[in-house]
Amino acid sequence: MGVLKENKPTADILMTSMRAMGYSFESAVADIIDNSISAHANEIVIRFPENPSERFVAICDNGDGMTQHELFDAMKYGSEGKRGGRSEDDLGRFGLGLKAASLSQCRKLTVVSKKNGVYSAYIWDLDIIIEKKDWFVVECSDDQIRDIHCSDFLDEYPSGTVVIWENFDFIEKSSGDLYAVLNEKMSVTADYLSLIFHRFLNRTDKSSVNIMINNYQLKGLDPFLESHNKTNIRRKISIPIADNEGKEHMVTVQPYILPFQKDLSASDKKISGGIENYRSAQGFYIYRNERLIVWGKWFNRPRDELTKYARIKVDIPNALDDIWGIDIKKQSATIPASVRKRLNKAVDEVMDISVRKQSYRGRTDNPDDSVEYIWERISQRQGMYTYRINRSSSVFRLIEDEISDTARAHLEMILEEIENNVPYQQIYIDKSQNVIDENQDDGRIADLEEKAEAMISIMLKSGSISREEAVAKLLTVEPFCNYPDLRERLIGGGTHGGV
Ligand SMILES: Nc1ncnc2c1ncn2[C@@H]1O[C@H](COP(=O)(O)OP(=O)(O)O)[C@@H](O)[C@H]1O
Ligand SMILES: [Mg+2]
């Protein structure tokens with residue numbers, strides 16, 4: 001090894017760059033509230049300007065508070081307090097949230113804290129950092145502390161913390177009207193927090209958390225409509241998942257099947273998160289220590305009738321942080337494929353999907369079992385039939401990996417409407433008069449070849465099959481199975497076809 005040379009970060013440049021991490025206003029507020037909840041606060045008050053002369057946002061809590069020494073450390077980028085390990089109910093993670101979230105929205109962060117009756121306060125002011133080009137925090141005297149906005153909130157409690165944001169340069173640059181913009185952010189923030197923290201807000205015991213925004217008390221949303229009598233609460237199951245050291249922790253999965261939209265009252269629509277996304281917001285709701293991290297995602301799970309109205313509550317303890325990559329902003333998370341698979345399996349099991357699929361949709365009654373049809377003929381009760389588009393048809397692979405969950409939900413709506421609007425009558429008349437042009441034009445085969453190539457390259461991506469096998473599979477699938485001549489053209493394609 002060579003010589004060790006100290007190479008410390010450049011304060012003003014790093015601090016400025018960190019502002020661009022991509023926090024939204026509401027997720028930045030949520031990160032501050034995570035700290036309050038981790039500090040066992042049960043009263044949290046967020047103060048937004050009530051008139052244009054107020055130019056700050058404050059987040060006040062009655063949590064454990066910090067001593068001057070602890071607050072000094074908490075202000076540090078990469079605070080050391082939790083080096084020894086985090087408690088099970090800690091919502092923090094990287095030792096950055098307080099600073100990064102705050103300064104992503106403003107240039108001046110003041111934190112006042114009270115513990116054992118003693119007040120302390122420090123300020124990060126980006127303008128001072130830029131001037132001094134070093135990591136200087138401002139330490140406030142008792143007199144200065146008394147002048148800090150909302151510091152009197154702490155007078156009523158034995159301990160607590162107030163975080164104040166000031167100097168909203170981004171908002172001021174993009175709009176002259178800070179008051180109006182903060183007013184808008186206030187209502188977005190209220191909705192966001194009502195969802196993210198609904199489990200804390202809706203608790204009925206003394207561990208419940210009260211969040212006020214100015215004089216408005218937040219009510220938790222209820223994405224599972226647990227109190228609705230038509231919500232079908234399925235069996236809860238626990239999946240043991242090993243952390244990096246091989247120690248197992250329980251992930252719990254609790255599926256709910258929500259009522260049909262027609263059974264929802266106006267207030268149900270509101271507390272479930274709004275009707276405009278009632279369907280597109282179905283999916284997994286993933287919580288880390290009861291705080292919602294990701295929601296309304298299906299993680300590439302194939303959509304079907306049975307999961308159309310399902311929301312699945314998944315609880316992951318913070319001990320498993322290392323296996324499911326959560327980002328610093330807690331705005332997204334990636335679930336490893338192995339865990340995803342087990343979640344999906346658990347959902348199938350609990351919802352008896354394999355069994356119920358057939359009875360729900362009827363039995364497919366297509367002419368030839370060895371062909372994968374695009375349109376399935378479904379036999380229902382009493383000798384009646386319907387036609388449905390086969391959602392697991394290979395043609396859907398063309399979009400499988402590219403489509404967002406919202407787009408997928410919308411696609412499902414389109415497919416349903418296509419199915420509900422098949423012009424059976426007109427087709428019947430035209431067919432009986434022999435006036436349907438079923439002899440595809442000359443371009444059809446070239447067109448199909450192009451589509452087949454696209455699908456083959458997707459099938460080959462998995463790496464588990466050969467080109468020959470992919471072609472063979474395609475030739476059992478509509479529309480390709482109707483053109484046996486394609487085989488020759490496609491097998492050859494592998495050798496002379498360009499990349
Ligand atoms: N509202 C608060 N009350 C008590 N302690 C706090 C509060 N906010 C932050 N802290 C302390 O400051 C530390 C750093 O916070 P933060 O930068 O958000 O990182 P993290 O939450 O990942 O630890 C926390 O671990 C906690 O000890
Ligand atoms: Mg934090």
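Residues numbered from 1 in each chain as written. Chains lettered and ligands numbered in written order. Predicted model: local features only at pLDDT ≥ 70, side-chain atom pairs only at ≥ 80, totals over all residues.

Draft legend 1. The domain arrangement of the protein chain, seen in detail. In terms of domain boundaries, the protein chain breaks down into domain 1 (11–217) and domain 2 (232–356). Computed over C-alpha atoms, the centres of domain 1 and domain 2 are 30 Å apart. Contact with domain 1, which involves 20 residues of that partner, is made by 14 residues of domain 2. Counting only elements with at least two residues in the side of domain 1 that touches domain 2, the list comes to α2 (25–38), α8 (178–196) and α9 (198–201). Sort the elements by how many residues they give to the side of domain 1 that touches domain 2 and α2 lands first, with three residues. Looking at side-chain class alone, the side of domain 1 that touches domain 2 contains 10 nonpolar, two polar and eight charged residues. (Domains from an automatic or database assignment. Contact = placed C-beta atoms within 7 Å. Helix = DSSP H or I, 4+ residues; strand = E, 2+ residues; numbered from the N terminus. Nonpolar A, V, L, I, M, F, W, Y, C, P; charged D, E, K, R; others polar.)

Draft legend 2. Main features of the site of ligand 1. Surveying the vicinity of ligand 1 reveals 21 residues, the closest of which are Asn 35, Ala 39, Ala 74, Gly 92 and Gly 97. Of all elements in the fold, only α2 and α4 (97–105) reach the threshold of two or more residues within the shell around ligand 1. Take the shell around ligand 1: its biggest share by element is three residues, from α4. When grouped by side-chain class, the residues that make up the shell around ligand 1 number six nonpolar, 10 polar and five charged. (Near = placed C-beta within 6 Å.)

Draft legend 3. Summary view of the pairing of strand β3 (residues 108–115). Counting buried residues along β3, eight of its eight residues qualify, which places the element largely inside the surrounding structure. On β3, burial covers both faces: Lys 108, Thr 110, Val 112 and Lys 114 on one face and Leu 109, Val 111, Ser 113 and Lys 115 on the other are all buried. Strand direction decides the pairing type here: β3 and strand β4 (residues 118–125), joined by eight bridges, are antiparallel. By the bridge assignment, Leu 109 is partnered in β4 with Trp 124. Between β3 and β4, which follow one another and run antiparallel, lie two residues, and Asn 116 among them has a positive phi close to 50 degrees. Direction of pairing for β3 relative to strand β6 (residues 160–166): antiparallel, over a ladder of seven bridges. (Buried ≥ 20, exposed ≤ 12 C-beta atoms within 10 Å, placed from the backbone. Pairing = 2+ DSSP bridges.)

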